Every structure is written in C-alpha cells, then in structure tokens.
Amino acid sequence: MIVESPAKAKTIEKILGSEFLVKSCFGHIRDLEKDEMGIDLNQNYQPRYVVSDDKLKVVSELKKLAKSSQEVWLASDEDREGESISWHLAEVLGLDVNTTKRIVFHEITAPAIKKAVANPRLINMNLVNAQQARRVLDRLVGFELSPVLWKKVKPSLSAGRVQSVAVRILVEREREISTFVPVSTYKVEAFFNAPDITGREVIFKAEGPLKLANKQLAEDFLKSCLNANYKVASVEVKPTKRNPAPPFTTSTLQQEASTKMGYGVTKTMLIAQRLYEAGHITYMRTDSVNLSDTARADIQNQIVNNYGEKYFKERFYKNKNESAQEAHEAIRPTYMKQKTIADEDGRRLYELIWRRTIASQMSEAEFDKTIAKIDISTNREQLTATGEVMTFEGFLKVYLEGKMVDEDEEETNEGVLPPLKAQQVLSFREMSATEKFTKPLPRYTEASLVKKLEELGIGRPSTYAPTISTIIKRTYVEKRDKEGIKRNYQIVKLTANNTIQAVIANENTGAEKAKLFPTDLGNVVTDFLKVHFKDVMDYNFTAQVENEFDSIAEGKMIWNNMIDGFYKPFHKTIETTMETAQRASGERELGNDPETSKKIIARMGRYGAMVQMGDTEGEEKPRFATLKKGQSIETITLNEALDLFKLPKTIGEYNGQELSINIGIGRFCPYIKYGEAFISLPRGENMDEVDVVRAITLINEKEQADAPIAAYEGAPVTKGKGRFGPFIKWKDLYINVPAKGYNFDNLTQAECEDLIVKKLDKEANRYIQNWEAEKISIQNARWGAIIKFGKDILKITKKADGTKYTPEELTTVSLEEAKRMILEQKPKAFDKPIKAAAKKTPTKKAVKKK
C-alpha cells in the first residue's frame, strides 16, 4: 500500500499488520516538463509529465517493491490532489487503472482503515482530470504571462491565476485605506448611580441620541442638560439566544487559529497535517461541515456525560459552498473522548478543534437583554442604557467563537445593569460628548484574506495556504506590523456640579499587527494586468473557472474543452499585449526640486521602487534614490523624496577613513561607504538610525565574513550569503553551498576544493556551442538545452521539418540556424536600433560666439 507521508505509513502499517507493507511516495512524484511548458498545444493540451529529480530514488524503490508484491494498493489523500497522486503512481509503476485498488478514508483510525480496505474502489478519473485541468491551466497562465511581465514591468517576475487576483484584493483595500478621509462626530454618554440587588451603589452608562456632527452641537446638547433631573421612562427585558458555529472547515480553522492563537495559515496547515497523520483528527483539507453518524453519537455522549442532558442539541449544518462534498466530513477529533494530546506543538490546535466540534452540537446560550429609556427633564431627548445577563451558558461553557476585529476597534460588549424600574429617579454623575473618528476597513490578515477568497468562490481548501505563501515569496505582498500615530481628540464634559468643561486628549490610531501590505511591485503588476488581462483579474471569471473544475470533477465537462475555451482568447491577448502595451512603471509625478526646478518622479525601477530627479533626455544625467522601508510610490510626498536626495550623509570616521550613508539604487542599497569599501545595510534596517557605532559593527561583520576560509590553486576562497542562499567565491566563480551534506558555518578546505572542482566540471559541460562575438550560445540547463542571446534565455525551437533536435544535432547547429531560432521568438532581435541624436542645450559661450 502506498500513502503520501512516512508518518501516515507507520500509523497505517500498525493497524493493518503483516498483510500489508505500507510505503510513502512523499507527495507528488511527477510534474509537467519544463520544456515547451510540458503541454502539447497541438494535441488537445496533452500534458507531458516527468518524474521529479528528487523523487527518482523513491520511484525506483517503489518499482522494485511493486514487482515483488502480490498486489499494489493506492491510499493517497481523499481530495483531487490525492486522486492525482494515485493516478501518477499507477502510470509510473505500470499499474492498470481499471483494476488497481484505491482506498480513501477521512481519519486514520483502525475502524476507518479496515472499512476502507474492505471497500476499495478504482481511481476516479473525473477527479484526476479536474486536478490535471487546474495544473495545465495554471502552467499555461504562468508560462505565457510571466514573459510579458519581464518585458513590460521588471525582469524575473512571475504571475499566477489565483495569486494575481489575491494581490488585487489587497491592492484595492490598501487604496481604499490611503484615500480614506476620517470624519469626526461626537458621541454622548451619561453615567449614573443606582443600587444593585444588594443595595450597593454601582455606576452604569447610558448613551445619548444620534451622533452629533460637530463640537458646537455637542456643547449645545450638554448645555440643554444643565440642571436637569433624570428619570427612568421605561424598562424592557427581551430574551435572546446565541447559536454555536458549525464544526471547522479548512478556511474557518485557519481563521480561528489566526484570531485566537496568531497562527499564519501555513503554520496552521502544517500542524493540522501532523495531527491528521498521527491519527488525532480527520482530514484537514475540506469545505464540508458534515459530521458522520458515529461522530455525532460520540459527541452526544461527551456532552451528556460531562455537562448534562440540557446542554445537548443535535444540529445539522448546511454547506455554504454548493460544491462541497457531503461525503466528506468537517475537521474533528477522531476520538471525542480524547480532550487533549501530549504533543505540545499540536496541543493548542487540537484542543481548539475539540472544543469547536463539541460546541457545534450543544444548546444555545440564553440571555436577558435589558433596555432602559431615561428621560431628561430639560429637553425632549432620551438616553438609552442597555445591559445583558446570561441566563444559560449553553455552548459558551465550552467555546466562544473569536471575532476578526481590528486591534484598535472599540469594545462593544454590553455590561450588566442594576435593577431599574419605571419612574425611578437616577443620581447623575457626569455626561460627556467625546469626539470619535470614522475608520477605514481594516487591512487583511492571512486568515481574513482566506475568508474573502472563500466568499468570492476563488480557490479551494488545498489552495489557500500556497496562494498566500506564493504572493509573499514573490514580494508582491509583505506581512508586517505598522506603528500607530498619535491623534488628538476633544471631549466636552458636563459635571455633577453643572459646569461644562472642554479637554483635549490623545489616542494611538492606525496600529496594525501581522497584516498584509501590497508592495509597489504588487501595485504596478496589478494595474498592468487589470488593463491588459481583464478576464484573468476578474473575480467572477476566476470563480467561474473554479466552478468549471468542479464540473469536470463531477463528470459534466471534458477537461480539454474547458482549457481550450480559456486558452485561445488568452493567448491572443498575450500576443497583442507583447506587441502594443507600453512599459509599466507606476510612474507618479511629485513636483519640482525648488533649487534646480528639475522634475521629481516616483516609479518602479529595475531594483525596486525609487525616486528620480531630472529627465533622461536632458544634458545632465538624472539622479536616483531608493525608497526607504515603509515608503511607497503611491503615497510618498515631494518633501520626503527631496530628503532622499540629501544623501550621502557623513556620520563620522573609522581608522582615518570617512564613514557615510548612501542610498542610490540597486540590490545592495542603502549602504555604508568606508574608504573604497561598500557595506549593505541589513534588510529592513532604518538608515536614519545608523550611527558610527552601528556602522563599525557592520564593517567588522563584513570583514569577518569576507575573510578567506580556504585557498585553491593559490587563490583565496571566501564565503557569503546572497539572494540564492549561501555560496563560496573563488576568483570570479560563485558556487552555491547545498544545505544537505555541508555545514556552511564550518566549511573545511577539502569541502571547498570539492565544491570548486564540481563547479568547474559543470561549467566545462555548460556550453554545447558558443559564438562569443555574436553573444549567442547553446547551453545545457537544468531542464534541458536552451539558447542564450545576450541576457535573453530562449527555448530550442523545432527544426524546419517540425521535428525536435537531438542532443547530437545541437552540437553541429550552424550560427544561421541558431539565429533562426532566436528570430522565431524575438522577431526584432537583430534590428539595429537607431538612436536619436541627443538634444544639446547650447552653452553660454557658444551662444555668445554665434
């Protein structure tokens, strides 16, 4: 039997005993080829799969075991991804899909596994095709859209179907926030004394009428209450009930884990995966809120035995998502009698799942809500006091659902009122009218973005966490905190002595914690895609694509037809955009430099967001400066931009050499200049806070890092960490140091020599052919041969007769044939650019001479 993970394999093997040998395939074993997208566009989008390099050993072992076994059973996960893995295993191991037994289970328990083994089925090709359609479509979008972004926005960018829409959601929310103008109103609150049930005087609050538009109206209202008496006009008690939430789906688990424990969606899913594989919970990727009959019986026993009969109420929940499969279950503990587990990492998440599952089958919480109206003797307005008393805990004895609120949002919990009765005269303490400001919608957290994607019908349980990880990794989005700012607000008070006072207080507003912020790159890419690829960026269209995947899974649609309907118009848009679209930079004009009158603009450059002083058409070269952390093209002001050009700034001396802070543009900016040396500031460090002491520390760290750690053929070997990870440098050669098999902090002479020799051997085999003068070469790359023209990496196209080149034929390809391949992909590659003569402004001397 083949399962996906080693942990699951161990658990299941214990259950099944000696009859089965249970092995793991460690997830997917095959993926699409990189060459020509791995999709044959002329053969109805047939995918071409290849076993991943890191799975060759696993596949080899599984093939040997398959040959020596009486029978092979496939037991990958129950979702479409798992069905796809089973099909790939059958294909690679040479198993007959029409006879090979396939089992699925929602939980890893002895009864569930034995029941699955007793009722095997075949591989469901509808589910396989649905997953295949998703993979093919996403490959087509990624491979065709990314080169457009390279040419029109910035090199090395990539785009995805669901990820691009997720970034759009964040960009639009950020712009709503940046353009939001707070409006202030005044909220009236009065405080009274009254005896509670023990006779002790307590303070309670009542709120005034509608919010007042300005300070003058607030003062007028308080003046109208001078020397007033206050009397209870009426008291109304309303019984209310609150119902429990359904058991967890993937998205609601991610949301609650974020709200209650601060977990990101990736962390939540990693822990949930371990809990599932250890047999503690049911399958963690689901959009169903269904509970099995067996689970319901166990839950009922737990509630009745622990809390009493009146706390139990059987409930059946309906899935909001129509495509959710009722055969699947919600996320729940496999054994309800197990309230906790020993594993410290998984304990908190497990207990959250246990409480939520139990609460879903409990009685409502019951409250008495009291509303008291209070008359003011000096005007016609009334004050309203509200309070709430819990009369029966119900499900709240076990679980209180978290609310996804912003950190500085007002408390709305209602307090308990003392017993009040009509015509009761109240003892007045104070009345205040406090200035309150409207707030924009909060920025998204990972969990609230998942909720939004689910509401829009974009993505499925298995895609939420990877989508968010991808947009952060691609630097379209940042997950970070934001400090609040101080803001003054006014309070007008009416005291018990009937005097009116005005005071000014301050509050901290706008603080954010672990929120998702779109970067300038995310803004520019989103705007470009919205203009040129309306369908890809449309919420409804993206949701419709998900519905079509569901139709394929249900056998109602042929997957190739679905792909064809999307790809043909999409590819035409790609071609049009490549030819006609202007380069996008998000350029924004800020104004002019007061000293030189040169234009200041903010825009996206090769190395990120920057400001520019002057035009490229002028006689003088323009100056550039990188934006600081927290600054954005869309919000930076002229004065903030001018401040960036005040650098370099001298901060002191060290060893007789000047120390200065420089900003410039590029991957390594901002940096410290020390003599002829350049030391980049760590990412995220505020350059305004770097003093001499900090600069010296960074210089020493850099010198220590750059010190030779070995030598080879008389030349020093140094080490460092770059954008692609740890490396060693020998002469002009940069060599990556793999994490496996090497301790980067303690590399030996022998290890350095070994890495250099391997790299030299690899470089020797790099070129198949090289026309250095033409800057054209045919090279071996990771996924096969490529043709390189200058900095452009292009694919090897087919021969004139439509067949592919063999490796041997590539060694004899002529320069003219290589140029033909380049022209097929870059028709204007060899056109000589005609440079317009630079416009020169005549000097004073030249004008005088004339």
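Residues numbered from 1 in each chain as written. Predicted model: local features only at pLDDT ≥ 70, side-chain atom pairs only at ≥ 80, totals over all residues. Heavy atoms only, no water.

## Things to note about the nonpolar core
Next up, step 1: Met1, Leu349 and Val611 are the most contacted members of the largest nonpolar core, which has 158 residues in total.
Next up, step 2: Per-element accounting of this core gives the leading share, eleven residues, to helix H5 (residues 125–152).
Next up, step 3: Ignoring anything within four residues of it in the chain, the contact list for valine 611 reads Leu590, Ile601, Ala602, Arg623, Phe624, Ala625, Leu627, Ile636, Ala641, Leu644 and Phe645.
Next up, step 4: Ranked by size, the runner-up nonpolar core spans 28 residues in total, among them Ile376, Leu417, Leu426 and Phe428. (Core = buried A, V, L, I, M, F, W, Y, C linked by side-chain atoms within 4.5 Å. Buried < 20%, exposed > 50% of the residue type's maximum accessible area, 1.4 Å probe, protein only. Helix = DSSP H or I, 4+ residues; strand = E, 2+ residues; numbered from the N terminus. Contact = heavy atoms within 4.5 Å.)

## Looking at helix H17 (residues 559–580)
Next up, step 1: Spanning 22 residues, H17 covers 32 Å between terminal C-alpha atoms, matching the ideal 32 Å at 1.5 Å per step.
Next up, step 2: Along H17, the sharpest change in direction is near 25° and occurs at tyrosine 567; proline proline 569 comes one to four residues later.
Next up, step 3: The set of residues buried in H17 consists of Trp559, Asn560, Met562, Ile563, Phe566, Tyr567, Phe570, Ile574 and Thr577.
Next up, step 4: Looking at the buried positions of H17, the neighbouring elements they touch are strand E5 (46–47), H5, helix H14 (520–532), helix H15 (534–537) and helix H16 (539–553). (Expected span 1.5 Å × (residues − 1). Bend = angle between axes of the 7 residues up to and from the residue.)

## A closer look at the pairing of strand E26 (residues 677–680)
Next up, step 1: Across four bridges, strand E25 (residues 671–674) lies against E26 in antiparallel orientation. Residue isoleucine 672 lies in a different strand from E26, and its bridge partner there is isoleucine 679.
Next up, step 2: Hairpin connection between E25 and E26: a loop of two residues separates the two successive antiparallel strands, and glycine 675 in this loop has a positive phi of roughly 65°. (Pairing = 2+ DSSP bridges.)

## Some details on the pairing of strand E29 (residues 725–730)
Next up, step 1: Sheet topology note: the strand E28 (residues 715–722)/E29 ladder contains six bridges and is antiparallel. In the sheet register, lysine 719 faces E29, and the bridge partner there is isoleucine 728.
Next up, step 2: The hairpin turn running from E29 into strand E30 (residues 733–736), its antiparallel successor, is two residues long, and lysine 731 in that turn takes a positive phi close to 55°.

## Overview of the packing of H5 against H14
Next up, step 1: It is the contact of H5 with H14, at a shortest axis distance of 12 Å, that shows an interaxial angle of 115°. Helix-helix and strand crossings are classified by hand; for H5 and H14 the assignment is right-handed. Counted together, Leu145, Val148, Leu149 and Lys152 of H5 and Val525, Phe528 and Leu529 of H14 form the full contact between these two elements.
Next up, step 2: Here the residues of the contact of H5 with H14 sort into six nonpolar, no polar and one charged. (Axes fitted to C-alpha atoms, helices over the stretch in contact; angles between N-to-C directions. Left-handed = near helix turned anticlockwise from the far one by under 90°. Nonpolar A, V, L, I, M, F, W, Y, C, P; charged D, E, K, R; others polar.)

## Here's the deal with the sheet that holds strand E27 (residues 710–712)
Strands pair in a sheet through their backbones, by hydrogen bonds, and they do so in one of two ways: parallel or antiparallel.
Next up, step 1: Read from one edge of the open sheet, four strands run E27-E28-E29-E30, paired in antiparallel fashion. Two strands close off the open sheet at either side, each with one partner strand: E27 and E30. Mean inter-strand twist for the sheet, computed between neighbouring axes without regard to direction, equals 40°.
Next up, step 2: Two elements, E29 and E30, share four bridges in a ladder whose sense is antiparallel. Note on E30: the bridge partner recorded for phenylalanine 727 is asparagine 736.

## Notes on the pattern of salt bridges
Next up, step 1: Applying the stated criterion across every chain yields a total of 47 salt bridges.
Next up, step 2: For glutamate 546, the salt bridge identified is with arginine 161, shortest N-O distance 3.6 Å. With glutamate 546 in helix H16 and arginine 161 in helix H6 (residues 161–178), this residue pair connects regions lying 385 residues apart in the sequence.
Next up, step 3: In this structure, lysine 758 and aspartate 754 form a salt bridge, with 3.3 Å as the shortest nitrogen-oxygen distance. In this pair, lysine 758 and aspartate 754 are both assigned in helix H20 (residues 749–764), four residues apart and thus about one turn of the helix distant.
Next up, step 4: Three or more residues joined by partner-sharing salt bridges are found here, namely Lys8, Asp77, Asp79 and Arg285. (Salt bridge = Lys/Arg side-chain N within 4 Å of Asp/Glu carboxyl O.)

## Considering the sheet that holds strand E20 (residues 599–605)
Next up, step 1: Judged by pairing direction, the sheet is antiparallel, and its four strands sit side by side in the order E19-E20-E21-E22 without closing on themselves. Looking at which strands have only one partner, the edges of the open sheet turn out to be strand E19 (588–592) and strand E22 (623–626). On average, adjacent strands in this sheet sit at an angle of 25° to one another, irrespective of strand direction.
Next up, step 2: As paired elements, E20 and strand E21 (residues 608–613) share six bridges and run antiparallel to each other.

## So, unusual backbone geometry
Trans is the prevailing form of peptide bonds, just as negative phi is the prevailing case for residues other than glycine.
Next up, step 1: A positive phi angle, close to 50°, is found at alanine 514, a residue other than glycine.
Next up, step 2: Of note, alanine 514 is situated in strand E18 (residues 512–518).
Next up, step 3: Here alanine 514 falls in the partly exposed class, since its relative accessible area comes to 31%.
Next up, step 4: Notably, lysine 775 is not glycine yet its phi reads approximately 60°, a positive angle.
Next up, step 5: With respect to the helices and strands, lysine 775 occurs in the loop between strand E31 (767–771) and strand E32 (776–781).

## Quick notes on the environment of arginine 355
Next up, step 1: Among the secondary structure elements, arginine 355 is positioned in helix H11 (residues 344–359).
Next up, step 2: The exposure class assigned to arginine 355 is partly exposed, which follows from its relative accessible area of 28%.
Next up, step 3: As for arginine 355 and glutamate 393, which are separated by 38 residues in sequence, their C-alpha atoms are 15 Å apart.
Next up, step 4: Excluding anything up to four places from it in sequence, arginine 355 contacts Val398 and Tyr399.

## Describing the packing of helix H8 (residues 250–261) against helix H9 (residues 265–277)
Next up, step 1: Look at H8 against H9: their axes get within 9 Å of each other, and the N-to-C directions meet at 115°. The element H8 and its partner H9 pack so that their crossing is right-handed. When H8 is examined against H9, the residues Thr250, Leu253, Gln254 and Ala257 are found in contact with a partner set consisting of Val265, Thr268, Met269 and Ala272.
Next up, step 2: In the contact of H8 with H9, the residues fall into five nonpolar, three polar and no charged.

## Quick word on the side chain of glutamine 769
Next up, step 1: Secondary-structure assignment places glutamine 769 in strand E31.
Next up, step 2: Among the polar contacts listed, one links the side chain of glutamine 769 to the backbone oxygen of threonine 811, at a separation of 3.3 Å.
Next up, step 3: In terms of polar contacts, glutamine 769 uses its side chain to reach the backbone carbonyl oxygen of valine 813, at 2.6 Å.
Next up, step 4: Setting aside chain neighbours within four positions, we find glutamine 769 in contact with Ser777, Ile778, Leu810, Thr811, Thr812 and Val813. (Polar contact = N/O pair within 3.5 Å; in protein donor to acceptor, adjacent residues only side chain to side chain.)

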